[in-house]
Amino acid sequence: MTDMARQLLQELMGEFQDSGSKYTDSNVCKDHLVDFCPHQLFVNTKADLGMCNLLHDDRLREAYQKSPDRGRLGYEEAFYDRIQRLTIDLQRKVRRAMDR
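Residues numbered from 1 in each chain as written. Predicted model: local features only at pLDDT ≥ 70, side-chain atom pairs only at ≥ 80, totals over all residues. Heavy atoms only, no water.

## Examining the packing of aromatic side chains
Turning to step 1, where the next piece is worked out: All told, the structure shown has three aromatic pairs when counted by the stated rule.
Turning to step 2, where the next piece is worked out: Seen from their ring centres, tyrosine 23 and tyrosine 64 are 5.4 Å apart, and the 65° between their planes marks the pair as edge-to-face. With tyrosine 23 in the loop between helix H1 (2-13) and helix H2 (30-34) and tyrosine 64 in helix H3 (residues 58-66), this residue pair connects regions lying 41 residues apart in the sequence. Per residue, the accessibility class of tyrosine 23 equals that of tyrosine 64, and both read buried.
Turning to step 3, where the next piece is worked out: Taken together, a centroid distance of 5.5 Å and an interplanar angle of 40° make the contact between tyrosine 64 and tyrosine 75 tilted. A residue pair is termed long-range when its members are at least 10 positions apart, and tyrosine 64 in helix H3 and tyrosine 75 in helix H4 (residues 75-99) qualify at eleven residues. (Phe/Tyr/Trp six-rings, centres within 6.5 Å; stacked < 30°, edge-to-face > 60°. Helix = DSSP H or I, 4+ residues; strand = E, 2+ residues; numbered from the N terminus. Buried < 20%, exposed > 50% of the residue type's maximum accessible area, 1.4 Å probe, protein only.)

## Quick word on the pattern of salt bridges
Pairing of side chains with opposite charge becomes possible as their charged atoms draw close.
Turning to step 1, where the next piece is worked out: Counted under the stated rule, the structure contains four salt bridges.
Turning to step 2, where the next piece is worked out: A salt bridge links glutamate 62 to lysine 66, with the shortest nitrogen-to-oxygen separation between them at 3.7 Å. One end of the pair is glutamate 62 and the other is lysine 66, both in helix H3 and four residues apart, which spans about a single turn.
Turning to step 3, where the next piece is worked out: For glutamate 62, a relative accessible area of 48% translates into the label partly exposed.
Turning to step 4, where the next piece is worked out: Where arginine 92 meets aspartate 89, a salt bridge forms, and the shortest distance between an N and an O atom there is 3.1 Å. (Salt bridge = Lys/Arg side-chain N within 4 Å of Asp/Glu carboxyl O.)

## Describing unusual backbone geometry
Turning to step 1, where the next piece is worked out: One non-glycine residue, asparagine 44, lies in the positive phi region at around 65°.
Turning to step 2, where the next piece is worked out: Looking at the element boundaries, asparagine 44 is found in the loop between H2 and H3.

## Regarding the nonpolar core
Turning to step 1, where the next piece is worked out: Tyr23, Val28, Leu33, Val34, Leu60, Tyr64, Tyr75 and Phe79 form the largest nonpolar core, which has eight residues in total.
Turning to step 2, where the next piece is worked out: Listed by contribution, the elements that provide at least two residues to this core are H2, H3 and H4.
Turning to step 3, where the next piece is worked out: Excluding anything up to four places from it in sequence, tyrosine 23 contacts Val28, Lys30, Leu33, Leu60, Ala63, Tyr64, Ser67, Asp69, Leu73 and Tyr75. (Core = buried A, V, L, I, M, F, W, Y, C linked by side-chain atoms within 4.5 Å. Contact = heavy atoms within 4.5 Å.)

In structure tokens form, the structure reads like this:
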């Protein structure tokens, strides 16, 4: 019974509880820390990337934005590269669709 109550509490209060993670942990979405997660952009479209399995915690994002590590860990460069690749892929798909 207590496990069920704990699970219910986690589902209801999940976003308000401390995740116990640090922004450098591997299970944290680095794109969300920098700005936004691309997986949330094209939901229910042909370009849908699916669900992001990483942690999106606004408190960790705030901590990263205020930290002296901001810009030093390479998250911004990786985010920019990922957005560029995504843009190129989507432009290619649009061009193919227009040619048809």
